[in-house]
Structure formats: structure tokens, C-alpha cells
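Summary of the model geometry
Now for the letters of each chain:
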Amino acid sequence: MRKAPKWRNWVPTSRQLRFKLQSSLASSFPSIGDHFNFFPDNANPNIAPNTHLHTVDECSERDLPQELQAFFARHGALEQSRYPLPITPTGHTRFDLYKLNDALVLGSTGATVLKAQSRQIEAAASNTMRFSVLKDRQIDTTAINMLGMAAGHRHYYHFLCDVAYPLLFLLEALEPREFSLTLLLRENLPKFQEDFYLHLTHSFPQLSLKPVRQNERVHCKTLFHCMAALNCEYRAPASEYAAATVSSHYFMAYDITPDKTPDRKLYIARDDAKTRRILNEKVLIEQLEARGFESIQPGSLSHKEQVELFNSAKVVVGTHGAGLTNILFMQSGGKLVEVFPADYIQSAYAWLSHLRGLNYAAVIGEKSGSHQHFSLSQSAIGEILNHVDSLEFA
């Protein structure tokens, strides 16, 4: 994301002002909130007529290696601002499965509303919530809300790491082969999500997909809901099994046989990215190409091509960004060299590397400027090349 100017800390945005005004109106006059689909959060799904089905804990088998914990403890100010030290060493997600009765799904925000409480389960967000008059629509079959946020639901990392496995977990728990079940989705999904959902309909014949327009609210007699509570937002997926389940789903969807002898060397270029570009990237690319690297832009490839490409890679070099999510499809024993600006360091891809059995190395560049663009010192470039060269002699 773009770095906010310092004055933004004390000058509210127009969205924040609108959210405060509309929240006040909806709180003072609930009928206005109901009419304009602006509901407070903190709905309690444990209150009848809803049913708590069961709770399951998903945990990693191993901790993040000590040397990586120490590295992010020293340099991960971003992570430390959200979670107290020490750096979270393990993955742990608690899944609570619910059967909700008489619920609304809002196309405007993606929220699930419990009618009896006139409250939504999702946290109210100033960036997405606003007054909206929506058209009513009834769903007769049992449903699952997969709309996600009104903005940001297309994000590659968050879908594969935060969204995909809880849904797979829920579907297995419900055994939808025995009854009809509808997934409520947004319109015009990115291809990687569309392929994911379409393959689900092959695996679960009683499953159907229904798009929800932004100007609709869907009335559901029965809605299954999975609440996933992570011990740390940088530890998703929570376990080795969860990561393998998501990658295997795409291998099956694209009919890909995992590569037995990965040998490609990939550099993830960010020419098409709005943030976090390396300003002197050309120097690095020349050095890497001399070592047999291919420079790629994942966004220019189909998702199947991305999965196949990373599955055949033995080493990947890239700046911290969503393109690194593709290491989910690499084979155990490969290597990731992740490059950070000095003021934007966090451990999500180190964790994903750990889950997939990859060797991991981090290299820190200069502090970032506008749009988080940054430069690499000559010593940082040398460090990257040393990591790459060491793999040849390992």
C-alpha cells in the first residue's frame, strides 16, 4: 500500500467522516440503519435460533526457525506494531462452525447480518460501509457467504492464504454431497478465484455457485458460517497441511502433476506494480540473468501458467508482494530470496516458505520513498547473488 503522509494521522479522511456521521445516524435511529443497510457489528452467532456446530484447532507441526524469529524480531517493526514480542513462532487458527438462521448477505459490503439482532458478524469498516438501498433477493437453498470485502476481495495472497482453506475445511465438515448448497460469490471474479470455485463444483456435485450484485441483499433461511480466528495475521495458512491442501486443489483443478525435478530460476519483476519497485532493478536483473534467471511478471500470465511455472522453480528472487504467494506451488527443497525496503519488513512469506519446506533468505534494501519504491545498495545486490550462488554448491 502507499505510505500515508504524516498529517494523515490527525486529519480524518472523507470516508472516516462519512462513516462517523452514518454510524451516529444508524445508532440513534435504527430504522434508518435497517433501511440503508448500515448495521452495527458484534452480532453473536451463539444466540438462538443459531447453532454452534463445533470448534476445531488447526496448528502447525513446527515453529518458525529460531534464526528467522530473531531476524524479524530485529527488523520487523511493522509486525511488532501489531503483535507484541516475541515474534509469533507457530501457526494456530481456531475454526468455529455455525448454522445461522434467518440471515442477510449484503452485496454492498459482503457482510453477514443476523436479522434477529440487526447486527452484522463482520467488523464495521470505515473504508467500505456506507448507506445503500439494496434490492431484496431470496435464496431457498442452504448457502455460504463468500463475498468478502467490497474492496480488496480480489487480493491474491489473502484469497489463497486466508480464504481458500477455511472454505475447504467447511465443505468437508458439511459433506455437501448429501444436500444442496449454494456459494454466494461476487460478480466478475478474477480467474484464479473462478477456477477455484468451478473445481469445487466438480468435487461436490450438490454445490452450486450464485453471483450477488453489489446492489442486492440476499435473504437466507439457512447460512453456514466459518469463523477463523488466527493467532497472527502473518501465520496464514496456519499449518503445513492447510498450505498443501490449497496447492493440491489447484494442481487438481489444472490437471498438473507436481514437477519431480524443479530446475528453473525465477526473478519476479515488478514493472507492472504500483508500489515497492526497485529503482535500480536493471543492475540486479543483469546479474541474475547472467546466472540463468528468467525475469517474469506473474500478472501477465494465466493462473495455470503461474502454478506450472513456480512448481518447476528451484529458486525464486523477488520483492515482498503478492506475486510471492506463488511459492505455495513450489516443491520442498527450493529457495526463496525475499527483498524488502528497510521500512517495510514482515514475515508472511517466510512463514509460507517454512510451511512448504523451502530454504529462505531475506535481503534488506534502502528505506522507501514515494509509493514504497526503494533502491538496493551494492552490498545488498551482492548479498542476493551470494544466496543464489550458494544454492549451486549446496
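Data block above holds the structure.
Described below are features of the structure shown in this document. Owing to the predicted nature of the structure, the values given are computational and were not obtained by experimental measurement.

**Remarks on the overall build of the protein**
Of regular secondary structure, the protein possesses 11 helices and 14 strands. Projected onto its principal axes, the C-alpha positions of the protein cover 65 × 55 × 35 Å. Relative to its full complement of 394 residues, the protein shows a buried share of 49%. As displayed, the protein offers around 18600 Å² of accessible surface, 51% of which is attributable to carbon and sulfur atoms. Averaging the coordinates of the 40 positive side-chain charges in the protein and doing the same for the 40 negative ones gives two points 8 Å apart.

**Section: the sheet that holds strand β13 (residues 335-340)**
If you walk across this open sheet you meet the five strands as β11-β10-β12-β13-β14, and the pairing is parallel. The open sheet terminates on both sides in strands that have one partner only, identified here as β11 (294-296) and β14 (359-364). The average undirected angle you get between the axes of adjacent strands in this sheet is 20°. Here strand β10 (residues 264-268) pairs with strand β12 (residues 313-319) via five bridges, running parallel. Bridging across to β12, Arg-264 finds its partner in Ala-313.

**Observations regarding the nonpolar core**
The tendency in soluble globular proteins is for nonpolar side chains to be buried side by side. In this structure, Ile-144, Tyr-197 and Leu-200 are the most contacted members of the largest nonpolar core, which totals 69 residues. Sort the elements by how many residues they give to this core and helix α5 (residues 156-174) lands first, with 13 residues. Excluding its chain neighbours within four sequence positions, the residues that come into contact with Ile-144 are Leu-167, Leu-170, Leu-171, Leu-174, Leu-181, Thr-182, Leu-183, Leu-184, Leu-223 and Phe-224. Counting residues in hydrophobic clusters, the runner-up holds 20 residues, among them Ala-269, Ile-278, Val-315 and Leu-391.

**Quick notes on helix α6 (residues 191-203)**
Spanning 13 residues, α6 covers 18 Å between terminal C-alpha atoms, matching the ideal 18 Å at 1.5 Å per step. Every buried residue of α6 is listed here: Phe-192, Gln-193, Asp-195, Phe-196, Tyr-197, His-199 and Leu-200. Looking at the buried side of α6, the elements it contacts are α5, β7 (181-186), β8 (207-212), α7 (240-253) and α9 (303-311).

**Things to note about unusual backbone geometry**
Ala-48 connects to Pro-49 through a cis peptide bond whose omega is 15°. On the secondary structure map, Pro-49 appears in the loop between α2 (30-35) and β1 (51-59). In the segment running from Ala-236 into Pro-237, the intervening peptide bond is cis, with an omega of -5°. With respect to the helices and strands, Pro-237 occurs in the loop between β9 (216-230) and α7. With a phi angle near 55°, Asp-255 is a residue other than glycine that sits in the positive phi range. In this structure Asp-255 comes out as exposed when scored by relative accessible area, which is 70%.

**Quick word on the pairing of β12**
Here β12 lies mainly inside the structure; six of its seven residues are buried. The pairing of β12 with β13 spans five bridges and is parallel. Note on β13: the bridge partner recorded for Gly-318 is Glu-338.

**Overview of the packing of aromatic side chains**
What describes a pair of aromatic rings is the distance from one ring centre to the other and the angle between the planes of the rings. Across all of its chains, the model carries 22 aromatic pairs by this definition. Centre to centre, the rings of Tyr-165 and Tyr-241 are 6.3 Å apart; their planes meet at 85°, and the pair counts as edge-to-face. Of this pair, Tyr-165 sits in helix α5 while Tyr-241 sits in helix α7; the two residues are 76 residues apart in sequence, bridging distant segments of the chain. Positioned above the aromatic ring of Tyr-344, the side-chain terminus of Arg-276 is 4.4 Å from the ring centre.

**A word on the pattern of salt bridges**
Tallying each qualifying case throughout the model produces 12 salt bridges. For Asp-96, the salt bridge goes to Arg-94, with nearest N and O atoms at 2.9 Å. Under the relative-accessibility criterion, Arg-94 is labelled partly exposed at 41%. Ionic pairing is found between Arg-213 and Glu-187, a salt bridge with its closest N-O pair at 3.8 Å. Of this pair, Arg-213 sits in the loop between β8 and β9 while Glu-187 sits in the loop between β7 and α6; the two residues are 26 residues apart in sequence, bridging distant segments of the chain. Of the residues examined, Glu-187 reaches a relative accessible area of 36% and is grouped as partly exposed.

**Some remarks on the environment of Gln-346**
Inspection of the secondary structure assignment puts Gln-346 in the loop between β13 and α10 (348-355). Under the relative-accessibility criterion, Gln-346 is labelled buried at 8%. Other than its neighbours up to four places away in sequence, Gln-346 contacts Phe-72, Leu-78, Glu-79, Tyr-234, His-320 and Phe-340. Within the structure, the side chain of Gln-346 is placed 2.8 Å from the backbone nitrogen of Ala-348, a separation counted as a polar contact.

**A word on helix α1 (residues 14-28)**
Its 15 residues give α1 an end-to-end C-alpha distance of 21 Å, which sits within 8% of 21 Å, the value for a rise of 1.5 Å per residue. Along α1, the residues that are buried comprise Phe-19, Gln-22 and Ala-26. Summarising the axial view, the buried residues of α1 lie within an arc of 80°, below the 170-degree limit, and thus occupy one face. In α1, those exposed residues whose orientation departs by more than 90 degrees from the buried face are Lys-20, Leu-21 and Ser-27. The elements touched by buried residues of α1 are α2.

Criteria and cut-off values
Residues numbered from 1 in each chain as written. Predicted model: local features only at pLDDT ≥ 70, side-chain atom pairs only at ≥ 80, totals over all residues. Heavy atoms only, no water. Helix = DSSP H or I, 4+ residues; strand = E, 2+ residues; numbered from the N terminus. Buried < 20%, exposed > 50% of the residue type's maximum accessible area, 1.4 Å probe, protein only. Areas by Shrake-Rupley, 256 points an atom, 1.4 Å probe, with all protein chains shown as cover. Lys, Arg positive; Asp, Glu negative; His and termini not counted. Charge placed at Lys NZ, Arg CZ, Asp CG, Glu CD. Pairing = 2+ DSSP bridges. Axes fitted to C-alpha atoms, helices over the stretch in contact; angles between N-to-C directions. Core = buried A, V, L, I, M, F, W, Y, C linked by side-chain atoms within 4.5 Å. Contact = heavy atoms within 4.5 Å. Expected span 1.5 Å × (residues − 1). Phe/Tyr/Trp six-rings, centres within 6.5 Å; stacked < 30°, edge-to-face > 60°. Lys NZ or Arg CZ within 6 Å of the ring centre and 35° of its normal. Salt bridge = Lys/Arg side-chain N within 4 Å of Asp/Glu carboxyl O. Polar contact = N/O pair within 3.5 Å; in protein donor to acceptor, adjacent residues only side chain to side chain. Arc of directions from axis to C-beta.

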